[in-house]
Amino acid sequence: MDDQSAAEAPFIPPNIDRPRLFTGQSHAYYSACPSLAADAPESDSQNYFVLGVDEAGRGPVLGPMVYSAFYLPHGLHHSLLAQKYSFDDSKVLTPAVRLNLMRTLCTPETPLYESCGWATKILSAQDISSGMMRPGAAAYNLNAQAMDATIEIIRGIVEERKVNVQEVYIDTIGNPASYQQKLERIFPTLKITVAKKADSLYPCVSAASVAAKVTRDVALELCYEEIMKAKSLEEASASTSTTDTWGSGYPSDSKCVGWLRSNMDPVFGWGNECRFSWGTAKEMLELKGGARVDWPEEENTQIRDFLLASTGGAAKKDQELCEWFGQRTATIL
């Protein structure tokens, strides 16, 4: 790639795992720990780190939800993030500013890269929906999924990577007090502050919100490109006659709703980019021509047993029907 092509290439953060993203798999990413984190002993009460947590993409019907954690030495908390780089709640920053901050964070030999660490947990639309749509008491609601993502990335930084974090600031969803109490029981050695609008109050949470928002935006764009690439030229032309994008992915976005309507399969609806547990998707399938299909359990069992027997039995058990079951097939004319 020449210099001009490299300059024009879109910035893709290192936490974007395309194979997992395109197949609807949730996944976590941890940046390299800054050198200051490696040098600071856990018992050092002066050279400790502060950590902020925030999310992006809680409400959309399309694309993942992203939780992010951002940490740095407490002595640099305000001077580096708020004063030098002007981090703020991602919603008040322009897309260009957010992207530039993320690019700087990922660029070696910059103060952000050398002093800060970060992590993300990308929760796929497929996993969000499958959890929420479990029957009865087994349902895994969005708040529980969000809490578990928060716990996972904090634990990955503090316990697994042994970063000397002593203060944690989190932007809340729901009641701050109950959220904070639960986290304090799990992490009794940490000073945890859960607050509304924390992404405007604490620079480390602002930085986490930027990382989460950029990750979500890039992931959404890549998913759209991959889906449209997979269509034939004829199908793509027909399906994008009313819109050439799916917009922000929020139900309130007319481009998103238009894309869903134009690209709804009568049987399967959409792919793993869609949160089927959202009312927008449910209503559209019920009211806009979605076909009802029953899959008898006994028949499924017979088909599965036949396939496992013919493809190596236990050796293929993990895959079972995932290689073909539920996928679209070519239309026979």
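None of the values given here were measured: they were computed from a predicted structure.

About the thresholds
- Residues numbered from 1 in each chain as written.
- Predicted model: local features only at pLDDT ≥ 70, side-chain atom pairs only at ≥ 80, totals over all residues.
- Heavy atoms only, no water.
- Phe/Tyr/Trp six-rings, centres within 6.5 Å; stacked < 30°, edge-to-face > 60°.
- Helix = DSSP H or I, 4+ residues; strand = E, 2+ residues; numbered from the N terminus.
- Buried < 20%, exposed > 50% of the residue type's maximum accessible area, 1.4 Å probe, protein only.
- Lys NZ or Arg CZ within 6 Å of the ring centre and 35° of its normal.
- Contact = heavy atoms within 4.5 Å.
- Polar contact = N/O pair within 3.5 Å; in protein donor to acceptor, adjacent residues only side chain to side chain.
- Pairing = 2+ DSSP bridges.
- Axes fitted to C-alpha atoms, helices over the stretch in contact; angles between N-to-C directions.

## Examining the packing of aromatic side chains
Link 1 in the chain: In this structure the tally under the stated criterion is seven aromatic pairs.
Link 2 in the chain: Their ring planes at 80 degrees and their centres at 4.9 Å tell us that Trp246 and Trp259 sit as a pair that is edge-to-face. In this pair, Trp246 sits in the loop between α12 (233-239) and α13 (254-262) while Trp259 sits in helix α13, placing the two residues 13 residues apart along the sequence. Trp259 carries the same exposure label as Trp246, and that label is buried.
Link 3 in the chain: In this structure, Arg275 is placed above the aromatic ring of Trp278, and the distance from its NZ or CZ to the ring centre is 4.9 Å.

## Structural notes on α13
Link 1 in the chain: Those residues of α13 not exposed but buried are Cys256, Val257, Gly258, Trp259 and Leu260.
Link 2 in the chain: Those residues of α13 that are buried lie in contact with α11 (203-230) and α14 (279-287).
Link 3 in the chain: For α13, the side-chain oxygen to backbone nitrogen distance between the N-cap and Lys255 is 2.9 Å, and the N-cap itself is Asp253.

## What to know about the sheet that holds strand β4 (residues 117-123)
Link 1 in the chain: Spatially, β1-β4-β3-β2-β5-β6 is the arrangement adopted by the six strands of the open sheet, whose pairing is mixed. With partners counted over all chains shown, the strands left at the sheet margins are β1 (27-30) and β6 (191-195), one partner each. Averaged over all pairs of adjacent strands, the angle between their axes in this sheet comes to 15 degrees, without regard to strand direction.
Link 2 in the chain: Judged from the five bridges that link them, strand β5 (residues 165-171) and β6 form a sheet pairing that is parallel. Among the inter-strand pairings, Ile170 is bridged to a residue of β6, identified as Val194.
Link 3 in the chain: In the packing of helix α8 (residues 142-160) onto the sheet, contacts are made with β1, β2 (49-56), β3 (65-73), β4 and β5, and the angle to β3 comes to roughly 30 degrees.
Link 4 in the chain: Across the sheet, α11 lies against β2, β3, β4 and β5, angled at about 40 degrees from β2, the strand it touches most.

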